[in-house]
Amino acid sequence: MTTDCWGKLIGKLAADGALTPEWEPAFAAVPRAGFLPDLLWQHDVESGDVEAVDRARDPQRWRAAAESGDPLVTQWDDGAHGGAGEGRVASSSASAPSVVASMLRDLDVRPGQRVLEVGTGTGWNAGLLAHRLGAGAVTTVEVDQALADAARAALRRHGLRAVTVVCGDGFQGHRAGAPYDRIIVTCGLKAFPGALLEQCRPGGVIVVPWGTSFTHTEATAALTVAQDGLSARGTFTDLVQFMSLRAQRRDQLRYAEYVTEESREKAEAGATGLTLEETVAGDWDVSRFVLGLLVPQCTVLFDEPQNGRRPVWLCSLTNDRSWACVLFREDGRESTVYQYGDRRLWDEVEAAHAWWRAQGRPGLGRLGLTVGDGQQQVWVDDPERIVQAHQPV
């Protein structure tokens, strides 16, 4: 049964264009609340805070969280964490309904098609697909046995017993059920799995959140498989943040452990006129996503403001341990830069930013991804215009 709060959220998603008319009945019939555990953690996107919500202690607040537009953490530390506090690494979640709706829109499913989902999580996304296409048309893969079991039970409670829930490595897809007409990935990828391309029909669509090591932000791409089945390509649509595919997850780098005293002493000082706001300021700024494309094997870390300056660190993920630190001034004046190692990472950022400006600051609609033959290439405007790392001159 659709509650007033959930109904209002559906209306808002529809008005915003995330939820298309053909998906509204599924959202109404299969609400997110029916797939959530009794203990969850609500994530405030604006502040970044995460707070536990226990259904047994406060059922009204739990219901409000379940029917909100917020992403909800449902597991920490691959299930090893207990209690209501935050764990070390969030390892499963219920995505924001707006993200779920947008990705299903991009998937462009039709009656009679068969779908593979990578990353079952709570099972809600699989439930929506099953309501639209029929339970027998949906296969979903989850690496965590406990999550797979819980999702299977939730689907059965909704009368969707024929959904095939597989516990396995989503990077390998599920060859036994191939070929699929559509594949949707609900975890972040840095390297596209070749198995998914092999298991999707020519002309089929693969929707995937894809990103770089630069930040935790990915962009969704709807890739159409070529008629020869050897490649797939499509444009980026929305900036998102997903938990990484576990096979591609990496520990959070800490600059204090990465930057040695010796390297601090040898670092070269310089200056930059670029500001924090026009380069790496926000998770949802396309400029930061683009910089990740052009400054490979690098991650950006933010320090707390100090004396009117915001230190931002760039650390190379290669073995050379190069780093850069920019002390961005809050008053917008020229900022001091320190660089160490074989790579001059801030010089690479400046060269990348100059290239981006020269291209007319292309956003997601102009940027696309091609995968195939073990490669992945990002392009701007045309698949032949490959985006390459731009070295400083």
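Residues numbered from 1 in each chain as written. Predicted model: local features only at pLDDT ≥ 70, side-chain atom pairs only at ≥ 80, totals over all residues. Heavy atoms only, no water.

Enquirer: For this particular structure, what's the right way to read the overall build of the protein chain?
Expert: Within the protein chain one finds twelve helices and 18 strands. Computed over its C-alpha atoms, the radius of gyration of the protein chain comes to 22 Å, within 12% of the 21 Å expected for a compact globule of 393 residues. The buried share among the 393 residues of the protein chain stands at 49%. Only carbon and sulfur atoms are counted for the fraction: they give 46% of the accessible area of the protein chain, which is about 17,900 Å². One way to put it: in the protein chain the 39 positive side-chain charges average out to a point 4 Å from where the 52 negative ones average out. (Helix = DSSP H or I, 4+ residues; strand = E, 2+ residues; numbered from the N terminus. Rg over C-alpha atoms; globule rule 2.2 N^0.38 Å. Buried < 20%, exposed > 50% of the residue type's maximum accessible area, 1.4 Å probe, protein only. Areas by Shrake-Rupley, 256 points an atom, 1.4 Å probe, with all protein chains shown as cover. Lys, Arg positive; Asp, Glu negative; His and termini not counted. Charge placed at Lys NZ, Arg CZ, Asp CG, Glu CD.)

Enquirer: Is there a simple way to think about helix H12 (residues 345–358) in this case?
Expert: Here H12 contains 14 residues, and its C-alpha end-to-end distance of 20 Å stays within 8% of the 20 Å for a straight helix at 1.5 Å per residue. Phi for Gly360, located one or two positions after H12, is positive at around 85°. (Expected span 1.5 Å × (residues − 1).)

Enquirer: Where do I start with the nonpolar core in this structure?
Expert: A general tendency of soluble globular proteins is for nonpolar side chains to be buried together. With 55 residues, the main nonpolar core has Phe236, Leu314 and Trp346 as its most contacted residues. Per-element tally for this core: the top contributor is H12, with six residues. Setting aside chain neighbours within four positions, we find Phe236 in contact with Trp210, Ala219, Thr220, Ala221, Phe289, Leu364, Gly365, Leu367, Gly368, Leu369 and Val378. The next biggest cluster of nonpolar side chains, apart from the first, holds 38 residues, and it includes Val109, Leu128, Ala137 and Ile184. (Core = buried A, V, L, I, M, F, W, Y, C linked by side-chain atoms within 4.5 Å. Contact = heavy atoms within 4.5 Å.)

Enquirer: Looking at this model, I keep getting lost on the sheet that holds strand S14 (residues 309–316). Mind explaining?
Expert: Picture the strands of a sheet paired through backbone hydrogen bonds; they go either parallel or antiparallel. Judged by pairing direction, the sheet is antiparallel, and its five strands sit side by side in the order S12-S16-S15-S14-S13 without closing on themselves. Two strands close off the open sheet at either side, each with one partner strand: strand S12 (268–272) and strand S13 (298–302). Adjacent strand axes in the sheet meet at a mean angle of 20°, parallel and antiparallel pairs treated alike. With five bridges connecting them, S12 and strand S16 (residues 335–340) associate as antiparallel partners. Bridge pairing in S16 links Ala269 to Tyr338. (Pairing = 2+ DSSP bridges. Axes fitted to C-alpha atoms, helices over the stretch in contact; angles between N-to-C directions.)

Enquirer: How do you make sense of the pairing of strand S10 (residues 218–225) when you look at a structure like this?
Expert: Across a regular strand the side chains alternate sides, sitting on one face of the sheet and then on the other. When you tally the buried positions in S10, you get six out of eight residues, the bulk of the element. The pairing of strand S9 (residues 200–210) with S10 spans six bridges and is antiparallel. Residue Trp210 lies in a different strand from S10, and its bridge partner there is Ala219. The sheet contact formed by S10 and strand S11 (residues 232–240) spans five bridges and is antiparallel. From the neighbouring strand, Val225 faces S11, where its bridge partner is Ala232.

Enquirer: What is the right way to look at the layout of surface pockets in this model?
Expert: It is the rolling of a water-molecule-sized probe over the atoms that shows where space remains empty. By volume, the second largest pocket is sized at about 530 Å³. Lining the second largest pocket are 33 residues; nearest its centre among them are Gly119, Gly121, Glu142, Thr186 and Cys187. Of all elements in the fold, only strand S4 (90–94), helix H4 (97–107), strand S5 (115–118), helix H5 (124–133) and strand S6 (138–142) reach the threshold of two or more residues within the lining of the second largest pocket. Counting residues per element, the lining of the second largest pocket draws most heavily on S4, at five residues. Split by residue class, the lining of the second largest pocket holds 15 nonpolar, 13 polar and five charged. (1 Å grid on protein atoms, 1.4 Å probe; cavity = no way out; pocket = protein on both sides within 12 Å on 5 of 7 lines; lining within 4 Å. Points joined across faces, edges and corners; volume = space filled by probe spheres on them. Nonpolar A, V, L, I, M, F, W, Y, C, P; charged D, E, K, R; others polar.)

Enquirer: Looking at this structure, I do not really get the side chain of Glu218. What am I missing?
Expert: Along the chain, the position of Glu218 falls in strand S10. Those residues in contact with Glu218 that lie beyond four places of it in its chain are Gly188, Pro209, Trp210, Gly211, Asp238, Leu239, Val240, Gln241, Phe242 and Phe289.

Enquirer: Would you explain the packing of aromatic side chains in this entry?
Expert: In this description, a pair of aromatic rings is defined by centroid distance and the angle of the planes. Considering all chains together, one arrives at nine aromatic pairs under this definition. When the centroid spacing of 5.9 Å and the interplanar angle of 65° are considered together, the rings of Trp6 and Trp124 count as edge-to-face. Of the two residues, Trp6 sits in helix H1 (residues 4–16) while Trp124 sits in helix H5, which places them 118 residues apart along the sequence. Note on Phe328 and Trp346: the rings are 5.7 Å apart at their centroids and 75° apart in plane angle, and the pair reads as edge-to-face. Highlighted residues: Phe328 in strand S15 (residues 323–329) and Trp346 in helix H12, separated in sequence by 18 residues. Overall, Trp346 belongs to the buried group, its relative accessible area being 2%. Members of the aromatic cluster, connected to one another through ring pairs, are Tyr255, Trp313, Trp323 and Tyr340. Seen from the ring of Trp23, Arg132 lies directly overhead, with NZ or CZ sitting 4.9 Å from the centre. One residue, Arg321, lies across the ring of Tyr258, its end atom 4.5 Å from the ring centre. (Phe/Tyr/Trp six-rings, centres within 6.5 Å; stacked < 30°, edge-to-face > 60°. Lys NZ or Arg CZ within 6 Å of the ring centre and 35° of its normal.)

Enquirer: I tried to follow the side chain of Ser102 on my own but got confused; where do I start?
Expert: Turning to its location among the elements, Ser102 is positioned in helix H4. Not counting the four nearest positions on each side in its chain, Ser102 is found in contact with Ala18 and Asp238.

Enquirer: Explain a negative patch on the surface to me, please; I cannot follow it from the model alone.
Expert: Together, Asp44, Glu46, Asp49 and Glu86 line one region of the surface with negative charge. Assignment of secondary structure puts Asp49 in the loop between strand S1 (39–43) and strand S2 (50–54). (Patch = residues over 30% accessible without salt bridge, like charges linked within 9 Å, V, L, I, M, F, W, Y side chains within 5 Å. Salt bridge = Lys/Arg side-chain N within 4 Å of Asp/Glu carboxyl O.)

Enquirer: Teacher, can you tell me more about the pairing of S13 here?
Expert: The element S13 is extensively covered by neighbouring structure, given that four of its five residues are classed as buried. Examined bridge by bridge, S13 and S14 share five bridges and lie antiparallel to one another. Bridge pairing links Thr299 to Cys315 in S14. Counted between consecutive antiparallel strands, the loop separating S13 from S14 contains six residues, among which Asn307 sits at a positive phi close to 50°.

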